[in-house]
Every structure is written in structure tokens, then in C-alpha cells.
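If you want the building blocks of each chain, they are given just below.
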Amino acid sequence: MAMAYLCVLSVTSAVLAVVHRLDQDTYQRLLRSRSTNLAGLRSRPLYVLVASAFWLERGTFPQTAAAVAALLAPLERVAGPRPALGVFASGHVGASLLVAGGLLLGQRAGLVGGHVTEAVDVGASYGLIACAAVLAATARAHRRWPLVGGLLAPLVLAAVRTPDFTAAGHLIAAGIGLACVRYLRLSYPLAGAIPSGPSGPACQPRFTGSG
């Protein structure tokens, strides 16, 4: 599943790279038509909830591909394709809908500007963060809390520094992933599955795009 997903992302990213060179207006329209923004969720909710996961903003494919290999692929190995897909989809769809609900309430209260209605909101980060949360929360006991803390700390810091809908979505996605743990029968999936680098555990996400 992870390899097939990477293949689709590579194709759509290549298409976007060509379109961006030819016509930036068309590039923006293409992304907006697949975004889980308020306009898209009002007009074509099912379509944008699925399509948004298969399109990335220009320049974000390398880090997304690395995150898929480090997070979705190991979860697929230890839990199976269907549970891994369930976690990813729950994070992506759940965070997208909850963020949209928050934006709608914010607009009605006059706290959020109208520009977010058609904002670009595509990418895999919500789903991948949910996968990271599952992997971290099901690690061995002595690694579990450092990994969970290492995942949540930068997300909270980002939300404090830049309190936008993307940062909120990342935190929500992490919470959804942690909630998924109780429904999965996993035993220490991080044991040898994901190596740690000099800067910390590989499950710590570094995303530049949206959900």
C-alpha cells in the first residue's frame, strides 16, 4: 500500500511541477479544486476528502515520501494494510473535518477571515502524523513516553508560534492517532522497525505542507 501510494504521489507531483511551470494560475486552481477547504467540503465533500491526500504542494514530495517510508510503511508491516490504511484515513479525514468545523464556527463568530474558505489544503501530513502517533504510543514502555513527547512537543510549539488551521490539524491528527491505539492489537512495532538518527526518533514529523 505504501509503495502504491508513493507511486501515485510521484505522478501527481510531476504533473503539478509541469503545470506550475506552464501556468501558475492553473496550478493554484488545480490545488484548490482538490482542497479540503470550506468551499470544497460544501460542494464535493467526498471527492476532496479523498483527492486531497493524493496531491502535494510543489516542493513537498521529498519530505512526504520520506515520511511515508518512515511511518506508513512500518505501520503497514506490523499492523497490516487495512489497519494502517484505517489509521491514515482516520487522521486525514478526521482532522480535515474537525479543522473545517472549527473554521466554520470561527467565521460565524467573526474570528476567522473569509480567505480560508478557498485556502489550499492538500497533502498527507494529517494521516502520516496519525501513523506516527500510533507507532510512538505502541513502542516499548521505556521508549513510549519519550517518543510520544517527541512527537507532540514540536506540534504544540508550532501551534503556539503559528496558530493556523494547519498547526491545529496536526495536533488533532496526533490525537486521533493516539485514540486509534486502543483499537489496534500491536506489540512494540517500533522494536527495530524505525531507526533513530542523531537528531532524534525518525517518527518525529517534519512537514511543510498542509493536511
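Residues numbered from 1 in each chain as written. Predicted model: local features only at pLDDT ≥ 70, side-chain atom pairs only at ≥ 80, totals over all residues. Heavy atoms only, no water.

J.: Looking at this structure, how should I read the environment of Leu-184?
T.: One can find Leu-184 in the loop between α9 (165-180) and β1 (196-197). Through-space distance from the C-alpha of Leu-184 to that of Pro-83 is 7.5 Å; in sequence the pair is 101 residues apart. In this structure, Leu-184 is in contact with Pro-83, Val-87 and Val-134, ignoring residues within four places of it in sequence. (Helix = DSSP H or I, 4+ residues; strand = E, 2+ residues; numbered from the N terminus. Contact = heavy atoms within 4.5 Å.)

J.: What is the right way to read the environment of Gly-114 from this model?
T.: Mapping Gly-114 onto the fold places it in the loop between α6 (81-108) and α7 (125-137). Judged by relative accessible area, Gly-114 falls into the exposed class, the value being 56%. It is 9.6 Å that separates the C-alpha atoms of Gly-114 and Leu-103, two residues lying 11 residues apart in sequence. (Buried < 20%, exposed > 50% of the residue type's maximum accessible area, 1.4 Å probe, protein only.)

J.: Sorry, what's going on with the packing of aromatic side chains here?
T.: The geometry of an aromatic ring pair is captured by two quantities: the separation of the ring centres and the angle between the planes. Counted under the stated rule, the structure contains 2 aromatic pairs. A ring pair is formed by Tyr-5 and Phe-54, whose centres lie 5.5 Å apart and whose planes are at 85 degrees; its orientation type is edge-to-face. Placement of Tyr-5 in helix α1 (residues 2-22) and of Phe-54 in the loop between α4 (45-51) and α5 (61-79) is noted, with a sequence separation of 49 residues between them. Note on Phe-54: relative accessible area 29%, which makes it partly exposed. (Phe/Tyr/Trp six-rings, centres within 6.5 Å; stacked < 30°, edge-to-face > 60°.)

J.: Looking at this structure, how should I read the nonpolar core?
T.: As a rule of thumb, nonpolar side chains are buried together in soluble globular proteins. Grouped together as the largest cluster of nonpolar side chains are 50 residues, with contacts concentrated most on Tyr-5, Leu-72, Val-87, Phe-88 and Leu-128. Listed by contribution, the elements that provide at least two residues to this core are α1, α3 (38-43), α4, α5, α6, α7, α8 (141-161) and α9. No other element matches α7, which puts 11 residues into this core. Beyond its immediate chain neighbours, meaning those up to four positions away, Val-87 contacts Leu-75, Ala-130, Cys-131, Val-134, Cys-180 and Leu-184. Core analysis: the next-biggest nonpolar cluster, separate from the first, contains 8 residues, Val-19, Tyr-27, Leu-31 and Val-122 among them. (Core = buried A, V, L, I, M, F, W, Y, C linked by side-chain atoms within 4.5 Å.)

J.: So what exactly am I meant to see when it comes to α6 here?
T.: Note that an α-helix has 3.6 residues per turn; residues three or four places apart therefore point the same way. The first and last C-alpha atoms of α6 sit 40 Å apart over 28 residues, in line with the 40 Å expected at 1.5 Å per residue. Of the surrounding elements, those touching the buried residues of α6 are α1, α3, α4, α5, α7 and α9. Gly-110 occupies a position one or two residues after α6 and carries a positive phi of about 75 degrees. (Expected span 1.5 Å × (residues − 1).)

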